Amino acid sequence: MTIESTNPATGTVVDTFEDDSGADRDERIERAAETFPEWRTTPIERRQQLLAAAGEVLRENSEEYATLMTEEMGKPIDQSRSEVEKCAWVCDYYAEHAAEFLADEPVAGEPDAETKVVYQPLGPILAIMPWNFPFWQVFRFAAPNLTAGNVGVLKHASNVPGCARAIEDVFREAGYPDGAFSSLLIDSDEIDAVLEDDRIAGVTLTGSDGAGRAVAETAGNELTKTVLELGGSDPFVVLDDAPMEKTVETAVQARLINNGQSCIAAKRFIVHTDVYDEFLDRFVDEMDAQVVGDPMDEKTDIGPQAREDLMDDLHEQVEETIDRGGDLELGGEPMDRDGAYYPPTVITDPLEDSPADQEEVFGPVATVFEVSDEERAIEKANDTRFGLGASVWTADLDRGERVARRFESGLAFVNELVKSDPRLPFGGVKDSGYGRELARAGIREFVNAKTIWVQ
Ligand code: NDP
């Protein structure tokens, strides 16, 4: 069977690929399993060198990879270039720190015994990844895990097969052994068969909570370790003393980055009544001023949504929220032009359990709520089944940290938009999943923390 990737800006076919279902799938998993024993015993210094080389390959071919991402999923080209650079950064980061993070740890036990913890790789890890950051999500997994001595098997989202193959090439060009990292171009209905395969030692999924539940169920039956990085409905809390100019500027950026399709985008803006009118006026003006257009054009702020069907789902959420009493302040209709273009949209006062209030809204649609005080703001921020990121805006840093500590989220930022950084753990609570990526925590998810006792 062949798989096509389609440019959402034009509707034209970007490329066509042979899929890996059936025997090809098995062959690729077998190659991964056969590579593991050799790879796990390769000294970590060598694995770090290869990772640094992967960072170089990324930087050398940045324009090619950036263009591919933009063609397959519509991200503005500048943001694609930044994504390639960030992938190179995560390679540099673990190339420098992996050995330190995985060093043996002496632990005090019986006085006459030597006791310690050692960190050993598990085997082939399946990474099921989304299309929204088609390079970053994969490198965030691969950089720490390959360097820990695991081998990676990627099942990328179906609309970015070119990115999947290009990432495979990055590792090949960097000098990794064949099988250390491979991609499976398969449909998601083949994933259960992969998870039931005894050669797979762990699975990490970044995607929607529905996909997370399905994978966790099968992995649970197999007793296979999982990490789940799922969706979010991040609150952006504006207190009465927030510095308004920077707050509004960042609010727009936090909502619209990646065409509004980021798990950690600010989605619900919760604003203190004393500054509500000012915030809303300025926010709507700034959202309206964004340039929507061809993602290959440097001047574009917002490109098309990644797929036509995703834009239709987004529009249904908007319509239902408006039908149920939300006020439309801006946007709200697909744009009258070719491609999956949806404009910046602002809705106020949605009903408590309307889609914009309770579901993840994955596109350039902001929902603004007015609250009477700080306590109500925290309550509203936490009134969601998700718990990925959250931010609070205030001139008083102590107050900001107090509020941040009360957010039910894996990431809480004061006066900054929620972002991922190789040096800091990343992950969620509640329906946003469990486990952590990045930093020391991320490289220790798929290792056996083995206790050694020498008497
Ligand atoms: P999906 O959940 O639709 O897809 C993610 C991946 O899971 C794809 O590879 C997809 O394959 C696969 N998949 C889908 N359904 C199943 C299933 N039932 N069983 C096994 N695998 C499945 O998400 P999107 O690609 O649409 O990405 C957007 C979602 O990802 C949003 O909810 C977003 O918040 C979340 N996300 C979370 C992040 C985090 O770090 N927490 C970061 C980025 C995104 P296929 O394409 O073939 O269907």
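Residues numbered from 1 in each chain as written. Predicted model: local features only at pLDDT ≥ 70, side-chain atom pairs only at ≥ 80, totals over all residues. Heavy atoms only, no water.

Engineer: Lay out the environment of serine 80 in plain terms, naming residues and giving numbers.
Structural biologist: Residue placement: serine 80 occurs in helix H4 (residues 77–101). Residues serine 80 and aspartate 288, spaced 208 residues apart in sequence, show a C-alpha to C-alpha distance of 23 Å. If sequence neighbours within four positions are ignored, serine 80 has contacts with Ala66, Met69, Thr70 and Lys75. (Helix = DSSP H or I, 4+ residues; strand = E, 2+ residues; numbered from the N terminus. Contact = heavy atoms within 4.5 Å.)

Engineer: An account of the nonpolar core is requested, with residue identities and associated values reported.
Structural biologist: Counting residues in hydrophobic clusters, the biggest one holds 89 residues, and the most contacted among them are Leu58, Phe135, Phe139 and Tyr176. No other element matches H4, which puts eleven residues into this core. Apart from residues no more than four positions distant in its own chain, leucine 58 is found in contact with Tyr65, Val84, Cys87, Ala88, Cys91, Phe135, Phe139 and Val170. By size, the runner-up hydrophobic cluster in this structure holds 29 residues, among which are Val238, Phe283, Val284 and Val368. (Core = buried A, V, L, I, M, F, W, Y, C linked by side-chain atoms within 4.5 Å. Buried < 20%, exposed > 50% of the residue type's maximum accessible area, 1.4 Å probe, protein only.)

Engineer: Tell me about the site of the ligand, residues and numbers included.
Structural biologist: Taken together, 29 residues are adjacent to the ligand, and Ser158, Ser208, Leu230, Cys263 and Glu360 come closest. Between the ligand and glycine 207 there is a distance of 3.5 Å, counted from an oxygen atom to a backbone nitrogen or oxygen. Note that a nitrogen atom of the ligand is positioned 2.6 Å from one of the backbone N or O atoms of leucine 230. If the ligand stood free it would expose 890 Å²; the protein chains cover 85% of that surface. (Near = heavy atom within 4 Å. Polar contact = N/O pair within 3.5 Å; in protein donor to acceptor, adjacent residues only side chain to side chain. Areas by Shrake-Rupley, 256 points an atom, 1.4 Å probe, with all protein chains shown as cover.)

Engineer: Tell me about the sheet that holds strand S16 (residues 389–393), residues and numbers included.
Structural biologist: Pairing between the strands of a sheet is mediated by backbone hydrogen bonds and can be parallel or antiparallel. The strand order across the open sheet built from seven strands is S12-S13-S14-S11-S10-S16-S17, with neighbouring strands paired in mixed fashion. Looking at which strands have only one partner, the edges of the open sheet turn out to be strand S12 (327–330) and strand S17 (411–414). On average, each strand axis in the sheet is tilted by 20 degrees relative to the strand beside it, whichever way the strands run. Judged from the five bridges that link them, strand S11 (residues 266–272) and strand S14 (residues 365–371) form a sheet pairing that is parallel. Within S14, the position partnered with phenylalanine 269 by the bridge is valine 368. Helix H10 (residues 276–288) contacts strand S10 (234–238), S11, S12, strand S13 (345–348) and S14 of the sheet and is inclined by roughly 175 degrees relative to S14. Here helix H14 (residues 397–406) sits on the sheet in contact with S16 and S17, set at roughly 165 degrees to S17. (Pairing = 2+ DSSP bridges. Axes fitted to C-alpha atoms, helices over the stretch in contact; angles between N-to-C directions.)

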